[in-house]
Amino acid sequence: MFIVMIISLMINCILITAFFLTKKEEKRITQELKMRKFQESNIGIHQETSSRTMNELLLEINDLLKRINQQKIEVERQNKALKKMIVNISHDLRTPLTTSLGYLDILTSNDIDEKTKIEYLKIITERLTKLNTLLNSFFELAKVITEENHIDYEKINIISILENSIATFYEDFHQRKRKIDFQAKENIIYLNANKMMLTRVFDNLIINSLQHSKDTLEIEVKQEKEKIIITFTNPLLEVIDIDSIFDEFYTSDISRTKENTGLGLYIVKEYIEQLKGTVNAKKVKKEKNDYLVIQITLSTNSK
């Protein structure tokens, strides 16, 4: 009987000790959580007991804290991007609008000869055309941002769409004494996709080459099992940040004086991802020249 009492006493002591240790650990965790509300920290809450239950609880708490911190970082990034977007849109719209108003003021306030008037009207037309292009780009950006993920798919021949885009810009390349070298082993490659989105993607990539590269633009289409790989390769005309070219409003023209919103490749990326594909870019060295290689991968089993 005495031995039973001793064992019972020891068990009670262990349970009481464990209880107070648990309460102490709970108090410490509570204090650390309160501190997290006022401190910036990526360090999780550490464990000071060997309790399995407490360990599982801390793992869940730390995972939640990590997710909250990642969401906070993403919100801050989006806020910065939004502020930058507003500044860039304001700058891009103001420039052609201000110059157009300036020339209109001259036309209405001064006696000028007919030749000068025609010249000024031509400049105003060019500026307003650029303004219209910018507004269309921003409208498309708004559509991309607010897209509800509803895409109308249809069976399309990707070779035909590419050939149409190439034909659209053939004269522009020809005037600059440049070529587009299109290579595809098949004349017909079908996949389920959205014709408008792919046309916009290919147009943007060709326009990007027209504006920012030199010599021949190489376009290659390959089909590998259930994947279609489209590669755009061209020599670079200027220095670019390869890690930023798909960012909204990225442009190598820091002063933003060229007719370039920096939205073309951003829209390419957004549309391809909405079509469940991938797009990536890399810079390669060939024959002492830097080449930009943009590769799109689409699945023939989309949707």
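Computed from a predicted structure; not experimentally measured.

**Concerning the overall build of the protein chain**
For the protein chain, the helix and strand inventory stands at 7 helices and 7 strands. Along the protein chain, helices and strands appear, N-terminal first, in the series α-α-α-β-α-α-β-β-α-β-β-α-β-β. A total of 303 residues make up the protein chain; the buried ones form 35% of that total. Considering only contacts within the protein chain whose residues lie at least 6 apart along the sequence, 68% involve residues at least 24 apart.

**Describing the sheet that holds strand β4 (residues 217–224)**
If you trace the 5 strands from one edge of the open sheet to the other, you get β2-β4-β5-β7-β6, paired in mixed fashion. One side of each edge strand has no neighbouring strand; the edge strands of this open sheet are β2 (180–184) and β6 (278–286). Neighbour-to-neighbour, the strand axes of the sheet open up by a mean angle of 15°, direction not taken into account. When strand β5 (residues 227–235) meets strand β7 (residues 289–299), the two strands line up antiparallel, connected through 9 bridges. The residue of β7 that forms the bridge with I228 is L298. Sheet strands touched by helix α7 (residues 264–274): β6 and β7. Its angle to β6, the strand with the most contacts, is close to 130°.

**Remarks on the pairing of strand β3 (residues 190–193)**
The two faces of β3 differ: L191 and A193 on one face are buried, but Y190 and N192 on the other face are not. Two strands pair when backbone bridges link them, and strand β1 (residues 154–157) and β3 are joined in this way by 4 bridges, in the antiparallel orientation. Directly across from I156, in β3, lies its bridge partner L191.

**Re the confidence of the model for the protein chain**
Confidence along the protein chain averages 76 in pLDDT terms, with 66% of residues attaining 70 or more. Counted against residues more than four places away or in other chains, residues 252–260, with its pLDDT under 50, gives 20 contacts.

**Side note on the nonpolar core**
Formed by 44 residues in total, the largest nonpolar core has its most connected members in I158 and I230. Secondary-structure elements contributing two or more residues to this core are α4 (158–168), β3, α6 (195–212), β4, β5, α7 and β7. Of all the elements, α6 adds the most residues to this core, at 7 residues. Setting aside anything within four residues of it in sequence, one finds I158 in contact with I189, L191, L198, F202, I228, I230 and L298.

**Brief notes about the side chain of T233**
Considering the arrangement of structural elements, one finds T233 in strand β5. Given a relative accessible area of 9%, T233 falls into the buried group.

**Remarks on α4**
Taken residue by residue, α4 has I158, I159, I161, L162, S165 and I166 as its buried positions. Looking down the long axis of α4, one finds its buried residues gathered within 165° of arc, a one-sided arrangement. Away from its buried face, by an angle of more than 90 degrees, α4 presents the exposed residues A167 and T168. One side-chain oxygen of the residue at the start of α4 lies 3.2 Å from the amide nitrogen of I159, identifying that residue as N157.

**Some remarks on α7**
With 8 of 11 residues buried, α7 lies mostly within the body of the structure. For α7, the set of buried residues is L265, Y266, I267, V268, E270, Y271, I272 and Q274. One or two positions beyond α7, positive phi appears at K276, with a value near 65°.

**Points about the side chain of D203**
For D203, the location among the structural elements is in helix α6. Although D203 lies buried, it forms no salt bridge, and the closest oppositely charged side chain, R200, sits 5.5 Å away as judged by the N-O distance. Dropping the residues within four chain positions of it, D203 is found in contact with S165 and F169.

**A few points about the pattern of salt bridges**
It is possible for side chains bearing opposite charge to pair when their charged atoms get close. Scanning the entire structure with this criterion turns up 2 salt bridges. We note a salt bridge from E224 to K222, for which the minimum N-O separation is 3.8 Å. With relative accessibility at 41%, the residue E224 sits in the partly exposed group. K269 is the salt-bridge partner of E273, the closest N and O atoms lying 3.0 Å from each other. Taken together, the residues E273 and K269, both in helix α7 and 4 residues apart, mark about one turn of the helix.

What counts and how
Residues numbered from 1 in each chain as written. Predicted model: local features only at pLDDT ≥ 70, side-chain atom pairs only at ≥ 80, totals over all residues. Heavy atoms only, no water. Helix = DSSP H or I, 4+ residues; strand = E, 2+ residues; numbered from the N terminus. Buried < 20%, exposed > 50% of the residue type's maximum accessible area, 1.4 Å probe, protein only. Contact = heavy atoms within 4.5 Å. Pairing = 2+ DSSP bridges. Axes fitted to C-alpha atoms, helices over the stretch in contact; angles between N-to-C directions. pLDDT = per-residue confidence, 0-100. Core = buried A, V, L, I, M, F, W, Y, C linked by side-chain atoms within 4.5 Å. Arc of directions from axis to C-beta. Polar contact = N/O pair within 3.5 Å; in protein donor to acceptor, adjacent residues only side chain to side chain. Lys, Arg positive; Asp, Glu negative; His and termini not counted. Salt bridge = Lys/Arg side-chain N within 4 Å of Asp/Glu carboxyl O.

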